Amino acid sequence: AQTVTQSQPEMSVQEAETVTLSCTYDTSENNYYLFWYKQPPSRQMILVIRQEAYKQQNATENRFSVNFQKAAKSFSLKISDSQLGDTAMYFCAFMNPPTGANSKLTFGKGITLSVRP
Amino acid sequence: ETGVTQSPTHLIKTRGQQVTLRCSSQSGHNTVSWYQQALGQGPQFIFQYYREEENGRGNFPPRFSGLQFPNYSSELNVNALELDDSALYLCASSLDRREAFFGQGTRLTVV
């Protein structure tokens, strides 16, 4: 069974600064996807960024980038130029198989990020 | 907005009752997955429907059941409600079981 671990329950960052959220996972599979989702107080889970395990290049989406270390099974999210709207819970998630039957998401417990003005 | 809508947004039920939650998937999507998110936790996979058939199930008892309709909308039914069923229930739709887009969830409180 796959597991996803987010060991930091809370983090705080000053507006405009950079913050990194950590995530580790455990799997024996070789083909999978990793995701970071954001859940603001509105409750809707919003996809921030996706990484395919077969890609060596780290994914980037505007101010969001990941550091994917496949051998170490580590998948951290870096948020640059933090904005007040980034305040939310952030979940790391794993999907295997990436498509097809039973392609479910396995989530970590999440981390609460607060951006201070 | 993802185009995935869930109803109702909140409801309160009594222990032992039955509840039905509904999800309209994003246009063009043929897969719906349901997740249970307890307070302060990450979502847990309940089951997935692909083209009207159950396509995978998590570690939930049989009193959690579902349906997917020809228009790919879906229902989650929970029988014999227990206090521990109190949670946020999230629906996610995708095309061919790929990237999931979530609705805003239904907050269920069992008293």
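Attention in this report is confined to the structure presented alongside it.

What counts, and where the lines are drawn
- Residues numbered from 1 in each chain as written.
- Chains lettered and ligands numbered in written order.
- Predicted model: local features only at pLDDT ≥ 70, side-chain atom pairs only at ≥ 80, totals over all residues.
- Heavy atoms only, no water.
- Helix = DSSP H or I, 4+ residues; strand = E, 2+ residues; numbered from the N terminus.
- Rg over C-alpha atoms; globule rule 2.2 N^0.38 Å.
- Buried < 20%, exposed > 50% of the residue type's maximum accessible area, 1.4 Å probe, protein only.
- Contact = heavy atoms within 4.5 Å.
- Areas by Shrake-Rupley, 256 points an atom, 1.4 Å probe, with all protein chains shown as cover.
- Lys, Arg positive; Asp, Glu negative; His and termini not counted.
- Charge placed at Lys NZ, Arg CZ, Asp CG, Glu CD.
- Phe/Tyr/Trp six-rings, centres within 6.5 Å; stacked < 30°, edge-to-face > 60°.
- Disulfide = S-S within 2.5 Å.
- Pairing = 2+ DSSP bridges.
- Axes fitted to C-alpha atoms, helices over the stretch in contact; angles between N-to-C directions.
- Buried area = accessible area lost by both parts, 1.4 Å probe.
- Salt bridge = Lys/Arg side-chain N within 4 Å of Asp/Glu carboxyl O.
- Polar contact = N/O pair within 3.5 Å; in protein donor to acceptor, adjacent residues only side chain to side chain.
- Nonpolar A, V, L, I, M, F, W, Y, C, P; charged D, E, K, R; others polar.

## Notes on the overall build of chain A
Point 1. Of the regular secondary structure elements, chain A holds zero helices and twelve strands.
Point 2. Taken over the C-alpha trace, chain A has a radius of gyration of 14 Å; the compact-globule value for 117 residues is 13 Å, and the two agree within 12%.
Point 3. With the C-alpha coordinates aligned to their principal axes, the bounding extent of chain A is approximately 45 × 30 × 25 Å.
Point 4. The buried share among the 117 residues of chain A stands at 48%.
Point 5. In chain A, once contacts between residues fewer than 6 apart in sequence are set aside, the share between residues at least 24 apart is 55%.
Point 6. Here chain A has roughly 5600 Å² of accessible surface; of this, 45% comes from carbon and sulfur atoms.
Point 7. Across chain A, the mean location of the 11 positive side-chain charges is 6 Å away from that of the 9 negative side-chain charges.

## Side note on the packing of aromatic side chains
Point 1. For the coordinates displayed, the defined rule picks out 16 aromatic pairs over all chains.
Point 2. Judged by centre distance (6.2 Å) and plane angle (65 degrees), the rings of Tyr33(A) and Phe35(A) are edge-to-face.
Point 3. The interplanar angle of 35 degrees and the centroid separation of 5.9 Å between the aromatic rings of Phe35(A) and Tyr37(A) together place this pair among those described as tilted. This pair shows no difference in class: Phe35(A) is buried, exactly as Tyr37(A) is.
Point 4. Three or more aromatic residues joined by ring pairs make a cluster, and in this case those are Tyr33(A), Phe35(A), Tyr37(A), Phe91(A), Phe107(A), Tyr35(B), Phe45(B) and Phe102(B).

## Thoughts on the environment of Asn67(A)
Residue and element names in this part refer to chain A.
Point 1. Along the polypeptide, Asn67 turns up in strand E8 (residues 64-69).
Point 2. Residue classification places Asn67 among the partly exposed positions, given a relative accessible area of 35%.
Point 3. Distance from Asn67 to Gly85, taken between C-alpha atoms, is 22 Å for residues 18 residues apart in sequence.
Point 4. The contacts of Asn67, once residues within four sequence positions are left out, are Asn58, Ser74, Phe75 and Ser76.

## Looking at the state of the cysteines
All names here are of chain B.
Point 1. One pass over the structure, following the stated rule, counts two disulfides over all chains.
Point 2. Covalent S-S linkage joins Cys23 and Cys91, the inter-sulfur distance amounting to 1.8 Å. On the sign convention where negative means left-handed, the S-S torsion of about -55 degrees between Cys23 and Cys91 marks this disulfide as left-handed. With Cys23 in strand E3 (residues 19-24) and Cys91 in strand E9 (residues 87-94), this pair connects stretches of sequence that are 68 residues apart.

## Here's the deal with the sheet that holds strand E1 (residues 5-7) of chain B
All names here are of chain B.
Point 1. The four strands lie next to each other as E1-E3-E8-E7, forming an open sheet whose pairing is antiparallel. On the outer flanks of this sheet lie E1 and strand E7 (64-68), each paired with one strand and no other. For this sheet, the mean inter-axis angle between neighbouring strands, taken without regard to orientation, is 20 degrees.
Point 2. Here E1 pairs with E3 via three bridges, running antiparallel.

## A word on the interface of chain A and chain B
Point 1. Counting residues at the interface gives 21 residues for chain A and 28 residues for chain B.
Point 2. Approximately 2000 Å² of surface area, both sides summed, lies buried where chain A meets chain B, with 48% of it carried by carbon and sulfur atoms.
Point 3. Across the chain A-chain B interface, the total number found is zero salt bridges.
Point 4. Summed over the shared surface of chain A and chain B, the number is eight residue pairs in polar contact (both at pLDDT 80 or more).
Point 5. Secondary structure elements with two or more residues in the side of chain A that touches chain B: strand E5 (33-39), strand E6 (46-52), strand E10 (88-95) and strand E11 (105-107) of chain A.
Point 6. The class makeup of the residues in the side of chain A that touches chain B is nine nonpolar, eight polar and four charged.

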